[in-house]
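Analysis of the macromolecular model
Each chain, letter by letter, is given below.
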Amino acid sequence: MGLLVLGTVALDDVRTPSGTKKNMLGGSASHFSMSARLFDDVHVVGVVGRDFPRVHLDFLKRKGVNIASLAVAGGKTFRWTGEYKKDDLNSAITHKTEIGVLGDYQPQLNDQQRSMGYVFLANLAPSVQEKMLKLVRRPELVGLDTMNLWINTALRDLKRLMKNVDLMLVNDGEARMLTGERNTVAAARCLRAMGPGVVVVKKGEHGVYVSGGNFRFAYPAYPVERVVDPTGAGDTFAGALFGYLSRCRKMDERTLRRAAVYGTVLASFNVEGFGMGRTAPLTMKEVDRRLKDYHHFCMWA
């Protein structure tokens, strides 16, 4: 059946203690799709500039990602330049952000995509996310991600959008910003009161907390010995989680638990290489092998 993801398709310049890479394929929709593709057909909605390398477009198509609604506009592609320091690989230092063609982007869908039921609104301006959601005729499950930039600059738009989504993902810092609550459990409860039936709080190396109407659970992160590049880990997590939900076509507690575990496992692959160096070649056989190891790691008796 497939799923729609709206988000950024970007060029990333990244420096970490493991080295420096430039002009990598990045962006929220790109990282999301690289894990979601393992579970269901993925249609990316977004925009790039005429400077976007053809090799990246060919790469996405080779990976089975539908880019029919990835527009190419005059101007430059969204670019992010950032760095991670050795003493804090959880926090990115942004050196430069070039908005480029995102500045006046208006999402467009073809007729097939307007009828798709599973929609994920990856990190982008809430006003653009809302416009895309309105293009879908009868969405069955809507997921939402955001970031501190939109909480600071577009809070009213974000809160309006939150009333129309079923599942929201935030990191722990964003949860605190939105609610004023420092406790993760209290923050998730407050966020659910704003609209989403399920809230997923990503806690980086400390795992994930999930809060629903009559359930709540948490999982630790998979133990990674060497983190190379954390860029896109949250989007990779979201792609696996939502991709699994899309494949199952339901969102009960049992399915969400399995989805969160898959998200945790895929995110652990993501941080082991620059960009999509580790997630792009993955097969479900490799993922399930690590899933089995993760299950053993989590067992307490």
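Here the structure is a predicted model, which means the values were calculated and not measured.

**Notes on the overall build of the protein**
Along its length, the protein carries 11 helices and 13 strands. The C-alpha atoms of the protein give 18 Å as radius of gyration, which agrees with the globular expectation for 301 residues (19 Å, within 12%). When the backbone C-alpha atoms are referred to their principal axes, the protein occupies close to 55 × 45 × 35 Å. Relative to its full complement of 301 residues, the protein shows a buried share of 55%. Of all intrachain contacts in the protein linking residues separated by at least 6 positions in sequence, the fraction that spans at least 24 positions is 65%. Accessible area for the protein stands at about 13700 Å²; split by element, carbon and sulfur atoms hold 48% of it. Once the 42 positive and 30 negative side-chain charges of the protein are each reduced to a mean point, those two points are 2 Å apart.

**Side note on the pairing of strand β1 (residues 3-6)**
In β1, alternate side chains face the same way, and those of Leu-3 and Val-5 on one face and Leu-4 and Leu-6 on the other are all buried. Here β1 runs beside strand β4 (residues 42-49); their pairing, made up of 4 bridges, is parallel. Residue pairing for β4: Leu-3 is matched across the bridge by Val-42.

**Remarks on the packing of aromatic side chains**
In total, this model carries 11 aromatic pairs according to the counting rule given. Seen in terms of ring centroids, Phe-32 and Phe-120 are 4.7 Å apart; in terms of plane orientation they differ by 25°. Their pairing is stacked. Here Phe-120 lies in strand β8 (residues 118-121) and Phe-32 lies in helix α1 (residues 28-36), a separation of 88 residues in the sequence. A connected cluster of aromatic rings, assembled from ring pairs, spans Phe-32, Tyr-118, Phe-120 and Phe-242. Lying over the aromatic face of Tyr-118, Arg-249 brings its terminal NZ or CZ to 4.0 Å of the ring centre.

**Focus: the pattern of salt bridges**
Inspection of the entire model under this criterion finds 12 salt bridges. Put simply, Glu-272 and Arg-290 hold a salt bridge, and the shortest N to O gap is 3.2 Å. Of this pair, Glu-272 sits in the loop between α10 (253-270) and α11 (284-298) while Arg-290 sits in helix α11, placing them 18 residues apart in sequence. By relative accessible area, Arg-290 is classed as buried at 14%.

**Digging into the packing of helix α9 (residues 233-248) against α10**
It is the contact of α9 with α10, at a shortest axis distance of 7 Å, that shows an interaxial angle of 145°. By crossing handedness, the relation of α9 to α10 is classed as right-handed. Of the residues in α10, those in contact with Ala-233, Thr-236, Phe-237, Ala-240, Leu-241, Tyr-244, Leu-245 and Cys-248 of α9 are Thr-255, Leu-256, Arg-258, Ala-259, Ala-260, Tyr-262, Gly-263, Thr-264, Leu-266, Ala-267 and Asn-270. Counted by class, the contact of α9 with α10 contains 13 nonpolar, 5 polar and 1 charged residues.

**As for the sheet that holds strand β2 (residues 10-16)**
Spatial strand order, β3-β2-β6-β7: 4 strands in an open sheet with mixed pairing. Looking at strand neighbours, the two that pair on one side only are β3 (19-26) and β7 (88-98), the edges of this open sheet. When the angles between neighbouring strand axes are averaged without regard to direction, this sheet yields 20°. Bridging between β2 and strand β6 (residues 79-85) involves 5 bridges; their strand directions are parallel. Following the sheet pairing, Arg-15 is matched in β6 by Glu-83. Of the strands in this sheet, β2 and β3 touch helix α2 (residues 54-62), which is tilted by about 65° from β3.

**Thoughts on unusual backbone geometry**
Its identity as a non-glycine residue notwithstanding, Asn-23 has a phi of 60°, on the positive side. Looking at the secondary structure, you find Asn-23 in strand β3. Assessed through its relative accessible area of 39%, Asn-23 is described here as partly exposed. In this structure, Arg-249 takes a positive phi of about 60° despite not being glycine. By the secondary structure assignment, Arg-249 is in the loop between α9 and α10.

Rules behind the numbers
- Counting of residues starts from 1 at the beginning of each chain's written sequence and follows it residue by residue.
- Local features in this predicted model are restricted to residues of pLDDT 70 or higher, and side-chain atom pairs are both shown and tallied only at a pLDDT of 80 or more, whereas totals for entire chains, interfaces and linings draw on every residue.
- For side-chain calculations, the full set of non-hydrogen atoms in the structure is used, while hydrogens and water are omitted.
- Secondary structure follows DSSP: runs of H or I at least 4 residues long count as helices, runs of E at least 2 residues long count as strands, and numbering of each begins at the N terminus.
- For the radius of gyration, the atoms used are the C-alpha atoms, and the globule rule reads 2.2 Å times the number of residues raised to 0.38.
- Relative accessibility under 20% of the residue-type maximum defines a buried residue, over 50% an exposed one, and the middle range a partly exposed one, all with a 1.4 Å probe and only protein chains included.
- Residue contacts are defined here by distance: any two heavy atoms, one from each residue, within 4.5 Å place the two residues in contact.
- Accessible surface is estimated by sampling points in the Shrake-Rupley manner with a 1.4 Å probe; for residues, cover comes only from the protein chains shown.
- Counted as positive: Lys and Arg. Counted as negative: Asp and Glu, with His and the chain ends omitted from the count.
- Positions of charges follow a simple convention, taking NZ of Lys, CZ of Arg, CG of Asp or CD of Glu.
- Strands pair, by our definition, only if DSSP identifies at least two bridges between them.
- When the centres of two rings from Phe, Tyr and Trp lie within 6.5 Å, Trp using its six-membered ring, the rings pair. Their planes under 30 degrees apart give stacked, over 60 give edge-to-face, and anything left gives tilted.
- Criterion for a charge above a ring: Arg CZ or Lys NZ at most 6 Å from the ring centre, at most 35 degrees from the ring normal.
- A side-chain nitrogen of Lys or Arg and a carboxyl oxygen of Asp or Glu constitute a salt bridge if their distance falls within 4 Å.
- The axes are straight lines fitted to the C-alpha atoms, using for helices just the contacting stretch, and the angles between their N-to-C directions are given from 0 to 180°.
- Crossings are classed by handedness, with left-handed meaning an anticlockwise turn of the near helix from the far one by less than a right angle and right-handed meaning a clockwise turn.
- Residue type decides the class: Asp, Glu, Lys and Arg count as charged, Ala, Val, Leu, Ile, Met, Phe, Trp, Tyr, Cys and Pro as nonpolar, and the leftover types, Gly among them, as polar.

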